[in-house]
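Observations on the model geometry
What follows is the residue order along each chain.
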Amino acid sequence: MSFVFYVLAALTLAGALAAMLLKNTVHCALALTVAFAGLALLFLNLDAQFAGFAQILVYIGAVAILVVFAILLTRGSETPRDGVYSRNWFAGLVIAAGVFAALSWAVLQSVRVLSNETAEPTVTAMQIGNALVGRYVLPVEIVALLLTAATIGAVIVAMHEKEDPK
Amino acid sequence: MTPLASCLLVAALLFSIGLAGALTRRNAILVLIGIELMLNAANLNLIAFWRYGPHPELLTGMMFAIFSIAIAAAEAAVGLGLVIQIHRHAHTTDLDAMNRMKG
């Protein structure tokens, strides 16, 4: 694996760690953006141009902005007095370490049987467009419906209801 | 270490970081951020399997990742809307303080 891959992986993991460890929530959101950018660059490094640019547009352009808005609307940037970690943080850490141990054990056990084609795939945006309106047309329609429903649902859920007079 | 295995290990590490954050942070927004990181780790796996799999020209893994990105965007919108509404109702986003389902 190339040097570039390791640099991008380190950038992504550092951003993710910072997002989960920093005390100030706004700083966490900024570190999250770094992690998303690192992931988009990893996708580009893996010759998945379309997915990489979709990642930049959706995650950095929309999700990160949404997170910042939610933090500012809930005044979450104030660091709570009694720490940022929950009471049973140790159990969570143990569970996460166990999951990582299981995953990495599975990957290292199956290194030999994993396929490893090194030929660089050539994928054009035209091929992806044809696949989206051809073979994957039903999933695209379902995702369109789901996004519409989710957008309307999010607006209705977050809508400010008038206080009923008492 | 083969390229696919190193991609999978990076994704496993990213997933574990997201899981640890989702399980240990108090702020509901940061729990959502942890869930987003886990979804992104899954996307990285999909892209890696697509890139190093036997038939990349079929675009299967890439399409899976693109649909997964769209679903994650919907999830983030609904989740953050819920957090804002909970904050309006309970005046806190601390998950340890929200231990009742009754308002």
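Structure: see above.
Below is a summary of the structure that appears in this document. Owing to the predicted nature of the structure, the values given are computational and were not obtained by experimental measurement. (Residues numbered from 1 in each chain as written. Chains lettered and ligands numbered in written order. Predicted model: local features only at pLDDT ≥ 70, side-chain atom pairs only at ≥ 80, totals over all residues. Heavy atoms only, no water.)

Let us now look at the pattern of salt bridges. The full count for this structure, using the stated rule, is 2 salt bridges over all chains. With a shortest N-O distance of 2.7 Å, Arg51 of chain B and Asp47 of chain A are connected by a salt bridge. Separated into two different chains, Arg51 of chain B in helix α2 (residues 28-52) and Asp47 of chain A in the loop between α2 (25-45) and α3 (49-73) make up a pair that spans both. Looking at Arg51 of chain B, the relative accessible area reads 7%, which means it is buried. When its relative accessible area of 14% is taken as the criterion, Asp47 of chain A is described as buried. Of the charged contacts, one joins Arg26 of chain B and Asp94 of chain B as a salt bridge, the two residues approaching to 3.1 Å between their closest N and O atoms. In this pair, Arg26 of chain B is assigned in the loop between α1 (3-24) and α2 and Asp94 of chain B in the segment after α3 (60-90), connecting sequence segments 68 residues apart. By the burial criterion, Arg26 of chain B is buried, and Asp94 of chain B matches it. (Salt bridge = Lys/Arg side-chain N within 4 Å of Asp/Glu carboxyl O. Helix = DSSP H or I, 4+ residues; strand = E, 2+ residues; numbered from the N terminus. Buried < 20%, exposed > 50% of the residue type's maximum accessible area, 1.4 Å probe, protein only.)

In this section: the interface of chain A and chain B. In this assembly, 83 residues from chain A lie in contact with 70 residues from chain B. Its largest share of buried area at the contact with chain B, chain A owes to Met20, Leu46 and Thr74 of chain A, together 10% of the area lost on that side. Run the count over chain A and chain B and you get 1 salt bridge. Remark: the boundary between chain A and chain B carries 9 residue pairs in polar contact (both at pLDDT 80 or more). Taken together, the residues that form the side of chain A that touches chain B break down as 61 nonpolar, 14 polar and 8 charged. (Contact = heavy atoms within 4.5 Å. Buried area = accessible area lost by both parts, 1.4 Å probe. Polar contact = N/O pair within 3.5 Å; in protein donor to acceptor, adjacent residues only side chain to side chain. Nonpolar A, V, L, I, M, F, W, Y, C, P; charged D, E, K, R; others polar.)

All we've got here are geometric facts, nothing functional implied.
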